[in-house]
Amino acid sequence: NSFKVADEIKPELALGSGAITSDANISFAWRLQGSVWHDFNDKVAIRGSIAYAWCQPEITFQSGASGRRVTENANAVMIGAGLVYRIF
């Protein structure tokens with residue numbers, strides 16, 4: 001997992017003026033989700049869901065002998081809803 005560092009962020013990393021490389025470790029991630037389904041009749045139903053995803057990768061920036069390690073919070077809450085109509 002790697003990516004290119006934008007020129008605008010390089011001064012914030014305080015790693016000097018050389019080329020900066022980046023690397024993100026492979027981190028454990030999990031998601032917990034629950035959903036509810038309700039049939040109003042033979043043709044119409046609704047569905048609702050909520051989920052929480054947890055992932056906190058560690059990102060390393062390197063420039064020559066200097067380096068910096070940052071843990072990034074990539075957690076998310078997701079809400080979903082759906083309306084179902086049976087045609088046949």
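Look up: the structure comes first, before these words.
The present account deals with the structure reproduced in this document. The residue count restarts for each chain, going from 1 along the sequence in the order it is written. Whole-chain, interface and lining totals are the exception, using all residues; otherwise, since this is a predicted model, local features are given only for residues with pLDDT of at least 70 and side-chain atom pairs are given and counted only at 80 or more. The side-chain figures draw on all heavy atoms in the structure; neither hydrogens nor water molecules are used.

1. Focus: the pairing of strand β1 (residues 21-24)
Put simply, side chains in a regular strand alternate between the two faces of the sheet.
1) Next: Going residue by residue along β1, you find S22 and A24 tucked away on one face and T21 and D23 left uncovered on the opposite face.
2) Next: Of the pairings in the sheet, the one linking β1 to strand β4 (residues 58-63) comprises four bridges and is antiparallel in character. Considered in β4, the bridge of T21 is made with Q62. Partly exposed describes any residue whose relative accessible area lies between the buried limit of under 20% and the exposed limit of over 50%, with all areas from a 1.4 Å probe on protein chains only and scaled to the type maximum. The helix and strand labels rest on DSSP assignments: H or I over at least four residues marks a helix, E over at least two residues marks a strand, and numbering proceeds from the N terminus. Criterion used throughout: strands pair if DSSP finds at least two bridges between them.

2. Description of the nonpolar core
1) Next: Among the nonpolar cores identified, the biggest contains seven residues, and these are V5, L13, L15, I20, A24, I59 and F61.
2) Next: Any two residues whose heavy atoms approach within 4.5 Å at even a single point are treated as in contact. For L15, the contacting residues outside a window of four places in its chain are I20, F61, Q62, S63, S66, G67 and R68. To form a nonpolar core, buried Ala, Val, Leu, Ile, Met, Phe, Trp, Tyr and Cys residues must be joined to one another through side-chain atoms within 4.5 Å.

3. A few points about the side chain of S63
1) Next: Mapping S63 onto the fold places it in strand β4.
2) Next: Among all residues touching S63, those that are not within four sequence positions of it are L15, G18, A19 and I20.

4. Section: a nonpolar patch on the surface
1) Next: Patches here: salt-bridge-free residues with over 30% relative accessible area, like charges joined within 9 Å, nonpolar side chains (Val, Leu, Ile, Met, Phe, Trp, Tyr) joined within 5 Å. Values of accessible area rely on a 1.4 Å probe in the Shrake-Rupley scheme; residue burial ignores everything except the protein chains shown. Salt bridges are counted wherever a side-chain nitrogen of Lys or Arg sits within 4 Å of a carboxyl oxygen of Asp or Glu. The grouping of F28, W30, L32, I50, Y52, V77 and I79 at the surface amounts to a nonpolar patch, some 790 Å² of accessible area in total.
2) Next: With respect to the helices, strands and loops of the structure, L32 is situated in strand β2 (residues 29-39).
3) Next: Using a relative accessible area of 59% as the deciding quantity, one classes L32 as exposed.

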